[in-house]
Amino acid sequence: ILNQDVIILNSEEVARALLEKRPSNYSDRPRFATMELQVIRFRALRLTHTAALQAFRPEAAVIYRPMQLRKVHQLLVGLLYNPTKYELHLETHSASIVMSAVYDYDTKPSDPLISMIRGAMDKILHAETPDKAAIIDSYFFLTLIPAWFPGASFKCHTLELKSVLKDMVEKPFEYALDRIAFSPLGCLPFPWSLKDSRDFKATHFNYLALQTHVVLLVFIQAMVLNPEVQKRAQAKIDRVVGSDRLPDFGDRVSMSYIEAVLRKAMRFYPIVPLGAPHATVDDDVYEGYFIPKGE
């Protein structure tokens, strides 16, 4: 497709064999000339993917539970006092969990750092359109055209984005450095190295925050459209925790119906195409098929 060879995995067996059993070679992303112009590097994705799996695997994620409960209580207070801005509350909640887990950063309503990151990601999404990426990837010589040349507006946008992207990566990292400097332990309270935190911001933050935010919105929509399910779920919660406290992680094993509702919400409306493109780090062979590097 436009000078790019594409390999389609058309069965679950093949997808699991390559993406799950050989993740170190299939966790890269295809090269996009437009993103390289903006000094975005996807090679960090493969490096921090391993760190993310280690830090957020079920056994390790237990250390985040107190923070998650605190953030959920803050969300509930916001929804109670200003329910009309529920979408803003959910967006802030989703971002605050990621920022706290990665940088030990405690977000506030209308947080300037979150607003800056959100604005930067919006600019990236508007600049990196599929049609523009396809054209520039196919005709790479366009990247050599100066910004003043007629029709080269993408180069002007690139120059504007570079400073925005730098702030998006560096400001949370600088905050983490300050936290470490004043910490008696000399490190973050979570299992992230400095390099992990820096790279994680550029490659994972928007994905994780957006995913959580959209799933919560879908859950609310599902409850509105299915009031009988909402009523039954509330009855299950009341039966377990009563009316004098909120649920916590210890109640999860007793709430199989709530677990099923949440899992259903996660696949109710997939937030992105599930077949996100991957690329190989090195040449590989599967069932007699040669898969070249970068495909």
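Quick note: structure is the one above.
Engineer: Please provide a residue-by-residue account of the nonpolar core, values included.
Structural biologist: One recurring pattern in soluble globular proteins: nonpolar side chains tend to sit buried together. The biggest cluster of nonpolar side chains holds 17 residues, and the ones touching the most others in it are Met99, Tyr103, Tyr105, Leu113, Ile117 and Met168. At the level of elements, helix 6 (86-103), helix 7 (112-127) and helix 9 (153-181) are the ones that each hand at least two residues to this core. Per-element accounting of this core gives the leading share, 6 residues, to helix 9. Met223, Val241, Met255 and Val261 belong to the second-largest nonpolar core, a separate cluster that totals 9 residues.

Engineer: Can you explain the side chain of threonine 280? Please cite residues and give values.
Structural biologist: Of note, threonine 280 is situated in the loop between helix 13 (256-268) and strand 1 (284-286). Looking at threonine 280, its side chain comes within polar contact range of the main-chain oxygen of proline 292, at 2.7 Å. Those residues in contact with threonine 280 that lie beyond four places of it in its chain are Asn25, Tyr26, Ile291, Pro292, Lys293, Gly294 and Glu295.

Engineer: Outline the environment of alanine 101, listing residues and values.
Structural biologist: Relative to the assigned elements, alanine 101 resides in helix 6. For the pair alanine 101 and glutamine 68, spaced 33 residues apart in sequence, the C-alpha to C-alpha distance is 9.1 Å.

Engineer: Got a sec to walk through helix 13? Specific residues and values, please.
Structural biologist: Taking 1.5 Å of rise per residue, 13 residues should cover 18 Å, and helix 13 covers 18 Å from first to last C-alpha, within 8% of that figure. All of the buried residues in helix 13 are Tyr257, Ile258, Glu259, Val261 and Ala265.

Engineer: Tell me what's going on with the pattern of salt bridges, and back it up with residues and numbers.
Structural biologist: Pairing of side chains with opposite charge becomes possible as their charged atoms draw close. Under the criterion given, the structure shown has 7 salt bridges. Across the pair arginine 16 and glutamate 12 runs a salt bridge whose closest N-O atoms are separated by 2.8 Å. Placement of the pair is arginine 16 and glutamate 12 together in helix 1 (residues 12-20), with a separation of 4 residues, close to one helical turn. Residue classification places glutamate 12 among the exposed positions, given a relative accessible area of 56%. Across the pair aspartate 106 and lysine 71 runs a salt bridge whose closest N-O atoms are separated by 2.5 Å. Placement of the pair is aspartate 106 in the loop between helix 6 and helix 7 and lysine 71 in helix 5 (residues 65-81), with a sequence separation of 35 residues.

Engineer: Quick one: what's the story with a nonpolar patch on the surface, residue by residue and with numbers?
Structural biologist: Residues Tyr86, Ile220, Val224 and Leu225 make up a contiguous nonpolar surface patch of roughly 370 Å² in combined accessible area. Ranked by residue count, the leading element in the nonpolar patch is helix 11 (residues 205-225), at 3 residues. By relative accessible area, which is 51% here, leucine 225 ends up exposed.

Engineer: Can you tell me about unusual backbone geometry, naming the residues and giving the values?
Structural biologist: For glutamate 287, which is not glycine, the phi dihedral falls at a positive 50°. In this fold, glutamate 287 is placed in the loop between strand 1 and strand 2 (289-291).

Engineer: Lay out the environment of lysine 71 with the relevant residues and their values.
Structural biologist: When its relative accessible area of 2% is taken as the criterion, lysine 71 is described as buried. Taking the C-alpha atoms as reference points, lysine 71 and histidine 93, separated by 22 residues in sequence, lie 6.6 Å from one another. Once residues lying within four places of it in the same chain are set aside, the contact partners of lysine 71 are His93, Ser96, Ile97, Ser100, Asp106 and Thr107.

Engineer: An account of helix 1 is requested, with residue identities and associated values reported.
Structural biologist: Residues separated by three or four positions in an α-helix point in the same direction, a consequence of the helix having 3.6 residues per turn. Restricting attention to buried positions, one finds in helix 1 the residues Val14, Ala17 and Leu18. Axial view of helix 1: buried residues confined to an arc of 80°, hence all on one face. Pointing more than 90 degrees away from the buried face of helix 1 are the exposed residues Glu12 and Glu20.

Procedures and definitions
Residues numbered from 1 in each chain as written. Predicted model: local features only at pLDDT ≥ 70, side-chain atom pairs only at ≥ 80, totals over all residues. Heavy atoms only, no water. Core = buried A, V, L, I, M, F, W, Y, C linked by side-chain atoms within 4.5 Å. Buried < 20%, exposed > 50% of the residue type's maximum accessible area, 1.4 Å probe, protein only. Helix = DSSP H or I, 4+ residues; strand = E, 2+ residues; numbered from the N terminus. Polar contact = N/O pair within 3.5 Å; in protein donor to acceptor, adjacent residues only side chain to side chain. Contact = heavy atoms within 4.5 Å. Expected span 1.5 Å × (residues − 1). Salt bridge = Lys/Arg side-chain N within 4 Å of Asp/Glu carboxyl O. Patch = residues over 30% accessible without salt bridge, like charges linked within 9 Å, V, L, I, M, F, W, Y side chains within 5 Å. Areas by Shrake-Rupley, 256 points an atom, 1.4 Å probe, with all protein chains shown as cover. Arc of directions from axis to C-beta.

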